[in-house]
Amino acid sequence: MAKKSGAVNKEAEKELLEGLAKFRDALRKGEKIQEKFTCHRVAIDLVPHTYTPKMVKEVRGLLGLSQTLFGQFLGVSPKTVRAWEGGKDPSEMACRFMDEIRRDPAYWRKRLASATRSKTA
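Residues numbered from 1 in each chain as written. Predicted model: local features only at pLDDT ≥ 70, side-chain atom pairs only at ≥ 80, totals over all residues. Heavy atoms only, no water.

**Q** Could you give me a rundown of a nonpolar patch on the surface, with the residues and numbers involved?
**A** There is a patch of nonpolar side chains on the surface, built from L16, L17 and L20 and spanning about 310 Å² of accessible area. Residue classification places L20 among the partly exposed residues on the basis of a relative accessible area of 48%. (Patch = residues over 30% accessible without salt bridge, like charges linked within 9 Å, V, L, I, M, F, W, Y side chains within 5 Å. Areas by Shrake-Rupley, 256 points an atom, 1.4 Å probe, with all protein chains shown as cover. Salt bridge = Lys/Arg side-chain N within 4 Å of Asp/Glu carboxyl O. Buried < 20%, exposed > 50% of the residue type's maximum accessible area, 1.4 Å probe, protein only.)

Below is the structure:
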């Protein structure tokens, strides 16, 4: 069975190398790649929401975290979280992260649970 797998891998390797050689040759000749090869262009439309202080608190509440732990989770200081909840606009990156939390809070709660460790004094 391992022999068959090896033969399939060799055939796939051969096809891949031939395809790359054709691509290289087309580039060298200055051919229009889009006309010779199948090309796909992918765009992601993920414009972050604008977060009000109330929305920041709601997202934090979805995870059941204090400002300190929420800041740690997002990679910012508790002071930054307090500023957001006091009216300062979060960065676009923080807004995108909070969008993802709102999209699937159960996933992020599970992720937090797997990263949480208790310390005993």
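That covers the picture; the talk isn't over yet.
**Q** For the packing of aromatic side chains, give the residues involved together with the corresponding values.
**A** Taken as a whole and assessed by the stated rule, the structure comprises five aromatic pairs. For the ring pair F73 and W108, a centre distance of 5.9 Å and an interplane angle of 75° mean the geometry is edge-to-face. Of this pair, F73 sits in helix α4 (residues 67-74) while W108 sits in helix α7 (residues 105-115), and the two are 35 residues apart along the sequence. Comparing F73 with W108, the two get one shared label, buried. Their ring planes at 85° and their centres at 4.9 Å tell us that Y107 and W108 sit as a pair that is edge-to-face. Under the relative-accessibility criterion, W108 is labelled buried at 17%. (Phe/Tyr/Trp six-rings, centres within 6.5 Å; stacked < 30°, edge-to-face > 60°. Helix = DSSP H or I, 4+ residues; strand = E, 2+ residues; numbered from the N terminus.)

**Q** Outline the side chain of D99, listing residues and values.
**A** When you line up the elements, D99 lands in helix α6 (residues 92-103). At 4.0 Å, R102 is the nearest oppositely charged side chain to D99, a buried residue that forms no salt bridge. (Lys, Arg positive; Asp, Glu negative; His and termini not counted.)

**Q** Go over helix α5 (residues 78-85), please, and point to the residues and values.
**A** Among the residues of α5, V81, W84 and E85 are the ones counted as buried. Down the axis of α5, the smallest arc covering the buried residues is 95°, so these residues share one side. Those residues of α5 that are buried are in contact with α3 (53-63), α4 and α6. Following α5 by one or two positions, G87 adopts a phi angle in the positive range, close to 125°. (Arc of directions from axis to C-beta. Contact = heavy atoms within 4.5 Å.)

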